[in-house]
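Here is how the chains run, residue by residue.
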Amino acid sequence: KEQQDELLCTYAALILHDDGADVTAQGMSNLIKAAGCNVEAYWPMLMAKMISTVGMDTLVKMGSGGGGGGAAPAAGGAAAAAPAAGGGGGGGKEEKKKVEEEEEE
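Below is a short write-up of the structure. Since the structure is predicted, the reported quantities are computational estimates derived from the model, not experimental observations.

**Quick word on the nonpolar core**
So, step 1. In this structure, Cys9, Ala13, Val23, Met28, Ile32 and Val39 are the most contacted members of the largest nonpolar core, which totals 14 residues.
So, step 2. Those elements that place two or more of their residues in this core are α1 (2-19), α2 (25-34) and α3 (42-54).
So, step 3. Sort the elements by how many residues they give to this core and α1 lands first, with five residues.
So, step 4. Contact partners of alanine 13, with chain neighbours within four places excluded, come to Val23, Met28, Ile51 and Met56.

**Observations regarding the packing of α2 against α3**
So, step 1. Where α2 meets α3, the closest approach of the two axes is 8 Å, and the angle between their N-to-C directions is 135 degrees. Here α2 lies oblique to α3, going by the angle between them. Relative to α3, α2 is oriented so that their crossing is right-handed. From α2, Ala25, Met28 and Ser29 reach across to α3, where they touch Pro44, Met45, Met47 and Ala48.

**Here we look at α1**
So, step 1. Between the first and last C-alpha of α1 there are 26 Å, a value that for 18 residues agrees with the 26 Å anticipated at 1.5 Å per step.
So, step 2. Listed as buried for α1 are Asp5, Leu8, Cys9, Ala12, Ala13 and Leu16. The buried side chains of α1 occupy one side of the element, clustering within an arc of 130 degrees when seen end-on. Along α1, exposed side chains directed more than 90 degrees from the buried face belong to Gln3 and Asp18.
So, step 3. Against α2, α3 and α4 (56-62) lie the buried residues of α1.
So, step 4. In the stretch just after α1, glycine 20 is the one whose phi turns positive, near 85 degrees.

Cut-off values and rules
- Residues numbered from 1 in each chain as written.
- Predicted model: local features only at pLDDT ≥ 70, side-chain atom pairs only at ≥ 80, totals over all residues.
- Heavy atoms only, no water.
- Core = buried A, V, L, I, M, F, W, Y, C linked by side-chain atoms within 4.5 Å.
- Buried < 20%, exposed > 50% of the residue type's maximum accessible area, 1.4 Å probe, protein only.
- Helix = DSSP H or I, 4+ residues; strand = E, 2+ residues; numbered from the N terminus.
- Contact = heavy atoms within 4.5 Å.
- Axes fitted to C-alpha atoms, helices over the stretch in contact; angles between N-to-C directions.
- Parallel < 35°, antiparallel > 145°, perpendicular 65-115°, else oblique.
- Left-handed = near helix turned anticlockwise from the far one by under 90°.
- Expected span 1.5 Å × (residues − 1).
- Arc of directions from axis to C-beta.

That's the geometry; what it means functionally is another story.
The following block contains the structure:
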């Protein structure tokens, strides 16, 4: 529930910002209610205070760093775990080859 509330407030703030409206706790609450959702009352206030302190443009730029590479470390971690679990190094090379083929697709 907590992650969902944070995400709803984030989307509401982004919508308000994109529309050129002031990003306020009341504005976020109204937008969230209009979408048929609800959040704990402190979330819009917390987000609005953070946005007014840091600035929406700064927050958007902070969130844009490096995305899209999330799957590679997970796949690499699985490949690295395979030799340890199997006891032999040969299975790790085969696993690495599979990972590389999947990344190319």
